[in-house]
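Chains, contacts and geometry: an overview
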Amino acid sequence: MKKVSGYISVRALGCYDFEFYVDDDATDEEIKEKVDQTIQLSYDYQVEEGYEEYAEVNYRKKQS
């Protein structure tokens, strides 16, 4: 058996460690598929139009 371990890191939520075992003859593709199944990553976002800039933002390099 091979042990597969890793983590999922999300800035807003922190870090989650995972591990599982696969057969010795598991291919890299099979392992990647199992990782994808383990993390079950999903996300959603919306884009809302109709906003305008009302304050100017400037950036400059800090002096060392």
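Being a predicted model, the structure only gives us computed values, none of them experimental. (Residues numbered from 1 in each chain as written. Predicted model: local features only at pLDDT ≥ 70, side-chain atom pairs only at ≥ 80, totals over all residues. Heavy atoms only, no water.)

1. Side note on the overall build of the chain
Counted only if it meets this: In this description a helix means any DSSP run of H or I spanning at least four residues, a strand means any run of E spanning at least two, and both kinds are numbered starting from the N terminus. Partly exposed residues are those whose accessible area sits between 20% and 50% of the maximum for their type, while under 20% is buried and over 50% is exposed, using a 1.4 Å probe and protein chains only. In this description, contact between two residues means that some pair of their heavy atoms is separated by no more than 4.5 Å. For every accessible area listed, the method is Shrake-Rupley and the probe measures 1.4 Å; residues are considered covered only by the protein chains on display.
Of the regular secondary structure elements, the chain holds 1 helix and 2 strands. For the chain, the sequential pattern of α-helices and β-strands runs β-β-α. When the backbone C-alpha atoms are referred to their principal axes, the chain occupies close to 60 × 40 × 20 Å. Expressed as a percentage of its 64 residues, the buried residues of the chain come to 9%. In the chain, the share of contacts with a sequence separation of at least 24, taken over all contacts with a separation of at least 6, comes to 10%. For the chain, the accessible surface area stands at approximately 7100 Å², while carbon and sulfur atoms represent 46% of it.

2. Remarks on the packing of aromatic side chains
Keep this limit in mind: The rule is short: rings of Phe, Tyr and Trp, with Trp giving its six-membered ring, pair when the centres are within 6.5 Å, and they are stacked under 30 degrees, edge-to-face over 60, tilted in between.
Within the structure shown, the criterion is met by 1 aromatic pair. Note on Phe18 and Phe20: the rings are 6.1 Å apart at their centroids and 10° apart in plane angle, and the pair reads as stacked. Since its relative accessible area comes to 9%, Phe20 is described here as buried.

3. Structural notes on a nonpolar patch on the surface
Counted only if it meets this: Think of a patch as exposed residues, more than 30% relative accessible area, with no salt bridge, where like charges cluster within 9 Å and nonpolar side chains (Val, Leu, Ile, Met, Phe, Trp, Tyr) cluster within 5 Å. Any Lys or Arg side-chain nitrogen found within 4 Å of a carboxyl oxygen on Asp or Glu counts as a salt bridge.
Together, Leu41, Tyr43, Tyr45 and Val47 line one region of the surface with nonpolar side chains, adding up to about 590 Å² of accessible area. Note on placement: Val47 falls in the segment after helix H1 (28-39). Its relative accessible area of 70% is what places Val47 among the exposed residues.

4. Points about the nonpolar core
A general tendency of soluble globular proteins is for nonpolar side chains to be buried together. Stated precisely, the cut-off is as follows: Take the buried Ala, Val, Leu, Ile, Met, Phe, Trp, Tyr and Cys residues and link them wherever side-chain atoms come within 4.5 Å; each set so joined is a nonpolar core.
Counting 6 residues, the largest nonpolar core consists of Val4, Phe18, Phe20, Val22, Ala26 and Ile31. Residue contributions to this core peak at 3 residues, all from strand E2 (residues 14-22). The contacts of Phe18, once residues within four sequence positions are left out, are Val4, Ser5, Gly6, Tyr7, Ile8, Val35, Thr38 and Ile39.

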